[in-house]
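Notes for the structure review
Chain by chain, the residues:
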Amino acid sequence: MNTLRAIVNLSECKNFDIDETKEYVSNVVSSQGEPLEKFVRSSFCGVPDTAGNNRSSEEVFCYEGAKNNPPDAMLKEEGDAIEVKKVEGISTIHLNSSLPKQRLYADDKMLTKKAVECEEWKSRDMLYIIGRVTKNTIHSLFFFYGDCIFKRNEYYKDIFESAKNSLKKIEKIRQTGNEYGTIKDVDGLGINTDMRVRPLNSFDHPLKVFSEIVQPDKNAGFSLFTIMRSSKFKSFPTESQKLALNSGLKHKNEHIRDPDNAGKKIAVEIFSFTSS
C-alpha cells in the first residue's frame, strides 16, 4: 500500500462520519491514536467505510504511532512516515516540539525505541495529512509531502541548535532532548519553581500555502487534496500510478517554489476529489 492507493480508496469512500465508520476502521487498524488518525490509517488498508477487501494494519504498517512521539505511522519497507494533524478550520498547523521535516531519519531523538527498531531503516519521506473535522465529520483531508513546503531538515535543526546554544549563558538552565531547556529554581526559594523553555513550531494550512493552485469547493461535503513532487509520483509502482490516473480523482501538473531554492520551481502532481 502507498499514498496513491490510499487516496483512491478515499475517493471511493461514501461515509466520512468518524463514529459511523469506527466499526469498519477498528477491524483493520490498531487502537493506537485519535479517531482521525485511525481513519487515515485505515485508508491505506482499504476503503474506510467498507468491510470487504481490506488488509490488516499489520500487513501495511511497520509502526502505528505512540501517544506523545511522532510519527503517527510508518509504512513497511521504508515507506513513508505519516503525521496526521486535526483542525476545525483553515487554521495554523501546530507541530509543537517537532521540527518541520522533509524526511524522517532513524536517529531522530524524538522517536521511540519501537519506531527505530520496527524494521531496518535509515530514512523515510515525510507525509503530512491535515484533516478538517467538526462534530465527528471529516470535511477535508490534505495530503502533502514535507519537501513541497519545508526546507531540508538541517535548516531547522541548525536554527534550533543556535537558539539552544544562546540560552546556555543562563546560569540555572538544564538542557536535554528537543526542548531549549529548563531553568531550575528560577526564584531561588527552594520550592522547585522551574521554567521550561520549549519550541512551539507551526506553519500555515496547506490550503493557504497552495492557494494559487488549489481552490476548494465551498459547497462540497468532503474534499481531498494531494500534492507531491513529480519525482515522488514516478517513484511509486507503475500499477499504482495507473490506478490513480484512471480513478475518479482529478489530476493536474503544476510548478511550485522550491523550498530550498527560492529562484527555482519544482514540478508537482496534484490530485483532488470532492463529494457532496
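The notes below deal with the structure included here. A quick note: this is a predicted structure, and the numbers were derived from the prediction, not measured. (Residues numbered from 1 in each chain as written. Predicted model: local features only at pLDDT ≥ 70, side-chain atom pairs only at ≥ 80, totals over all residues. Heavy atoms only, no water.)

1. Quick word on the overall build of the protein
Within the protein, the regular secondary structure consists of nine helices and 14 strands. At 20 Å, the protein has a C-alpha radius of gyration in line with the 19 Å of a compact globule built from 276 residues. Considering only C-alpha atoms, the protein reaches an extent of 65 × 45 × 40 Å along its principal axes. Across the 276 residues of the protein, 50% fall into the buried class. Long-range contacts, defined as pairs at least 24 residues apart, comprise 59% of the intrachain contacts of the protein with a sequence gap of at least 6. Of the roughly 14,600 Å² that the protein leaves accessible, carbon and sulfur atoms contribute 45%. When the 41 basic and 40 acidic side-chain charges of the protein are each reduced to a single mean position, those positions are 3 Å apart. (Helix = DSSP H or I, 4+ residues; strand = E, 2+ residues; numbered from the N terminus. Rg over C-alpha atoms; globule rule 2.2 N^0.38 Å. Buried < 20%, exposed > 50% of the residue type's maximum accessible area, 1.4 Å probe, protein only. Contact = heavy atoms within 4.5 Å. Areas by Shrake-Rupley, 256 points an atom, 1.4 Å probe, with all protein chains shown as cover. Lys, Arg positive; Asp, Glu negative; His and termini not counted. Charge placed at Lys NZ, Arg CZ, Asp CG, Glu CD.)

2. Comments concerning the nonpolar core
Within the largest apolar cluster, 39 residues are counted, with the highest numbers of intra-cluster contacts made by Phe44, Ile82, Ile129, Ile138, Leu141, Phe143 and Leu224. Of all the elements, helix α1 (residues 3-11) adds the most residues to this core, at five residues. If you look at the next biggest cluster of nonpolar residues, it comprises 38 residues, including Ala81, Ala106, Phe144 and Ile256. (Core = buried A, V, L, I, M, F, W, Y, C linked by side-chain atoms within 4.5 Å.)

3. A look at the packing of aromatic side chains
If you walk through the whole model with that rule in mind, you get 15 aromatic pairs. With 5.4 Å between their ring centres and 15° between their planes, Tyr128 and Phe144 make a pair best called stacked. Within this pair, whereas Tyr128 is found in strand β6 (residues 123-134), its partner Phe144 is found in strand β7 (residues 137-145), the two being separated by 16 residues in sequence. The pair Tyr128 / Phe144 is uniform in exposure class, with both members buried. Judged by centre distance (5.1 Å) and plane angle (25°), the ring pair of Phe160 and Tyr180 falls under stacked. With Phe160 in helix α6 (residues 153-166) and Tyr180 in the loop between β8 (173-174) and β9 (181-183), this pair connects stretches of sequence that are 20 residues apart. We classify Tyr180 as buried; its relative accessible area is 17%. These aromatic residues form a ring-pair network of at least three members: Tyr128, Phe142, Phe144, Phe150, Tyr155, Tyr156, Phe203, Phe210 and Phe225. Sitting over the face of the ring of Trp121, Arg124 holds its NZ or CZ atom 4.4 Å from the ring centroid. When the ring centre of Tyr155 is taken as origin, the NZ or CZ atom of Lys151, which lies over that ring, is 5.2 Å away. (Phe/Tyr/Trp six-rings, centres within 6.5 Å; stacked < 30°, edge-to-face > 60°. Lys NZ or Arg CZ within 6 Å of the ring centre and 35° of its normal.)

4. Description of the pairing of strand β13 (residues 250-258)
Bridge analysis of β13 against strand β14 (residues 261-275) gives nine bridges, and the strand direction is antiparallel. Pairing of Lys250 across the sheet is with Ser272, part of β14. (Pairing = 2+ DSSP bridges.)

5. Here's the deal with the packing of helix α2 (residues 18-26) against helix α3 (residues 35-43)
Running from amino to carboxyl end, α2 crosses α3 at an angle of 55°, the nearest separation of the two axes being 10 Å. By the criterion of interaxial angle, the relationship of α2 to α3 is oblique. Considering how the two elements wind past one another, α2 and α3 form a crossing that is left-handed. Of the residues in α3, those touching α2 at Ile18, Thr21 and Val25 are Pro35, Leu36, Lys38, Phe39 and Ser42. Across the contact of α2 with α3, the residue classes tally to five nonpolar, two polar and one charged. (Axes fitted to C-alpha atoms, helices over the stretch in contact; angles between N-to-C directions. Parallel < 35°, antiparallel > 145°, perpendicular 65-115°, else oblique. Left-handed = near helix turned anticlockwise from the far one by under 90°. Nonpolar A, V, L, I, M, F, W, Y, C, P; charged D, E, K, R; others polar.)

6. Considerations on the sheet that holds strand β10 (residues 195-197)
Backbone hydrogen bonds are what pair the strands of a sheet, in a parallel or an antiparallel way. The strand order across the open sheet formed by three strands is β8-β9-β10, and the pairing between neighbours is antiparallel. Two strands bound the open sheet, and with one partner strand each, they are β8 and β10. Relative to β9, β8 runs antiparallel, the two sharing two bridges. Bridge pairing in β9 places Arg174 opposite Thr182.

7. Digging into the environment of Asp80
Along the chain, Asp80 turns up in the loop between β2 (73-75) and β3 (81-87). Residue class for Asp80 comes out buried when judged on its relative accessible area of 5%. Here the alpha-carbon distance between Asp80 and Tyr156, two residues 76 residues apart in the chain, equals 20 Å. If we skip the residues at most four places from it in the chain, Asp80 touches Thr3, Ala73, Met74, Leu75, Arg124, Asp125, Leu127, Tyr145 and Lys232. Reaching out from Asp80, the side chain makes a polar contact with the side chain of Thr3 at a distance of 3.3 Å. (Polar contact = N/O pair within 3.5 Å; in protein donor to acceptor, adjacent residues only side chain to side chain.)

8. With respect to the layout of surface pockets
Over the atoms a probe the size of a water molecule is rolled, and this reveals where empty space is left. A volume near 740 Å³ is recorded for the largest pocket. Put simply, the parts of the chain that give the lining of the largest pocket at least two residues each are α3, β3 and β4 (93-96). Ranked by residues supplied to the lining of the largest pocket, first place goes to β3 with five residues. Tallied by class, residues from the lining of the largest pocket come to 11 nonpolar, 10 polar and 10 charged. Put simply, the second largest pocket is a space of about 430 Å³. Surrounding the second largest pocket, 20 residues form its lining, Leu99, Asp108, Lys109, Lys157 and Asn178 being those nearest its centre. Counting only elements with at least two residues in the lining of the second largest pocket, the list comes to β5 (103-105) and α6. In terms of residues, the lining of the second largest pocket owes the most to one element, α6, which gives six residues. For the lining of the second largest pocket, the residue count by class is six nonpolar, five polar and nine charged. (1 Å grid on protein atoms, 1.4 Å probe; cavity = no way out; pocket = protein on both sides within 12 Å on 5 of 7 lines; lining within 4 Å. Points joined across faces, edges and corners; volume = space filled by probe spheres on them.)

These results come straight from atomic positions and should not be treated as a statement about function.
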